[in-house]
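# Fold and geometry: a report
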Amino acid sequence: MNKKYLFTIILLLALIFTSCLGQRKSAIVPIPDTEFFDFTLLVKMENITESKGGSGTRNLPLWLRTYINGGIEETEKIETYNGKYLFIGMSEGLNFTAMNKWAENFSPVRDTAIIAAGRIEKKLVASASLYPDNEYGDFFETIIKKAYSAVYTGAVKEDAFWIKIKVENETREIYVFFVLISIDKNVFHSVVQDMMAKSMPESSFTRNQRSAVNRLQQNFFEGF
């Protein structure tokens, strides 16, 4: 066998073996591409044909217009929501009645979990230099489970709105419903800090992983 190919095979096997070690100590496992966690809405203004406010885009609420054009970070800059985190639930499909019922029955305390947990997970990944379970040990899985099952006390349903859009490269149109949720930043901080505190004794770490978790706790809300 060609020595060049033999060396390549040995190297690949070594990498696979290293990544599977029980202690997950590998220093060569990269963080997932941040685009994997890009939850930016893909609706385009020019594809909106109708909305709760009438035809076209003339009567879209400011929060939704800002969200479509700039994402959640820009939406949180609106003065009305100063001091709050915003979370936007979304449902799309052809059945207007079913989705309208979803929006009407959306519980800000109960149903915010899946949206907030996704944002928490994105922050954990963005803060890690390796895959987060390599970076933080069992703490990563533990806190993500808590985030998805948490009750986000203090969450408020600010608004609900729907639009109808043309599906690109297709002739059909679909409805997209949005629910806007706000939580005071101090309240949300308390919820997350409590999850972190409870996750610590339930997790096992290496020394480096514990240091990484300590840094995470200190800096978690920077750029959140």
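Computed from a predicted structure; not experimentally measured. (Residues numbered from 1 in each chain as written. Predicted model: local features only at pLDDT ≥ 70, side-chain atom pairs only at ≥ 80, totals over all residues. Heavy atoms only, no water.)

Before going further, it helps to examine the overall build of the protein chain. Tallying secondary structure elements over the protein chain gives nine helices and five strands in all. Going through the 224 residues of the protein chain one by one, you find that 42% of them count as buried. Counted over contacts in the protein chain with a minimum sequence separation of 6, partners at least 24 positions apart contribute 72%. (Helix = DSSP H or I, 4+ residues; strand = E, 2+ residues; numbered from the N terminus. Buried < 20%, exposed > 50% of the residue type's maximum accessible area, 1.4 Å probe, protein only. Contact = heavy atoms within 4.5 Å.)

Within the largest apolar cluster, 39 residues are counted, with the highest numbers of intra-cluster contacts made by I120, L124, Y136, F139, Y152, F188 and M195. Those elements that place two or more of their residues in this core are strand 3 (84–93), helix 3 (96–105), helix 5 (113–127), helix 7 (138–149), strand 4 (156–166), strand 5 (173–184), helix 8 (185–199) and helix 9 (207–219). In this structure I120 touches A147, Y152, F188, V192, M195, F220 and F224, once residues within four positions along its chain are discounted. Counting residues in each nonpolar core, the second largest holds 20 residues, with L60, F161, V167 and V176 among its members. (Core = buried A, V, L, I, M, F, W, Y, C linked by side-chain atoms within 4.5 Å.)

Let us now look at the sheet that holds strand 3. Here we have five strands laid out as an open sheet, ordered 2-1-4-5-3, and antiparallel in their pairing. Sheet topology places strand 2 (54–55) and strand 3 at the edges, where each strand pairs with a single neighbour. Relative to strand 5, strand 3 is paired through ten bridges, and the arrangement is antiparallel. Within the sheet, the bridge partner assigned to G89 lies in strand 5 and is V179. Together, strand 1 (48–51), strand 3, strand 4 and strand 5 form the strand contacts of helix 2 (residues 62–75), whose direction differs from that of strand 3 by roughly 130 degrees. (Pairing = 2+ DSSP bridges. Axes fitted to C-alpha atoms, helices over the stretch in contact; angles between N-to-C directions.)

A word on the confidence of the model for the protein chain. For the protein chain, per-residue confidence averages 84 on the pLDDT scale, and 82% of positions sit at 70 or higher. Confidence over residues 2–39 falls short of pLDDT 50; this stretch has 37 contacts with residues more than four positions distant or in other chains. (pLDDT = per-residue confidence, 0-100.)

Position of N59 relative to the elements: it lies in the loop between strand 2 and helix 2. With residues near it in sequence (within four places) discarded, N59 still touches G53 and F161. Among the polar contacts made by the side chain of N59, one reaches the main-chain carbonyl oxygen of G53 at a distance of 2.8 Å. (Polar contact = N/O pair within 3.5 Å; in protein donor to acceptor, adjacent residues only side chain to side chain.)

With 15 residues, helix 5 should cover 21 Å at 1.5 Å per step; its first-to-last C-alpha distance of 21 Å lies within 8% of that length. Among the residues of helix 5, A113, A116, A117, G118, R119, I120, E121, K123, L124 and V125 are the ones counted as buried. (Expected span 1.5 Å × (residues − 1).)

This next bit is on the packing of aromatic side chains. Following the criterion strictly, the structure yields 15 aromatic pairs and no others. Between Y85 and F224, the ring centres sit 5.1 Å apart and the planes meet at 80 degrees, which makes this aromatic pair edge-to-face. Of this pair, Y85 sits in strand 3 while F224 sits in the segment after helix 9, and the two are 139 residues apart along the sequence. Overall, the relative accessible area of 5% leaves Y85 in the buried class. Overall, F224 belongs to the buried group, its relative accessible area being 12%. A centroid spacing of 5.7 Å and a plane angle of 80 degrees characterise the contact between W102 and F106, whose relative ring orientation is edge-to-face. Classification of W102 as partly exposed rests on a relative accessible area of 27%. The buried category is assigned to F106, whose relative accessible area is 7%. Taken together, Y85, F87, Y152, F188, F220, F221 and F224 form an aromatic cluster joined through their ring pairs. (Phe/Tyr/Trp six-rings, centres within 6.5 Å; stacked < 30°, edge-to-face > 60°.)

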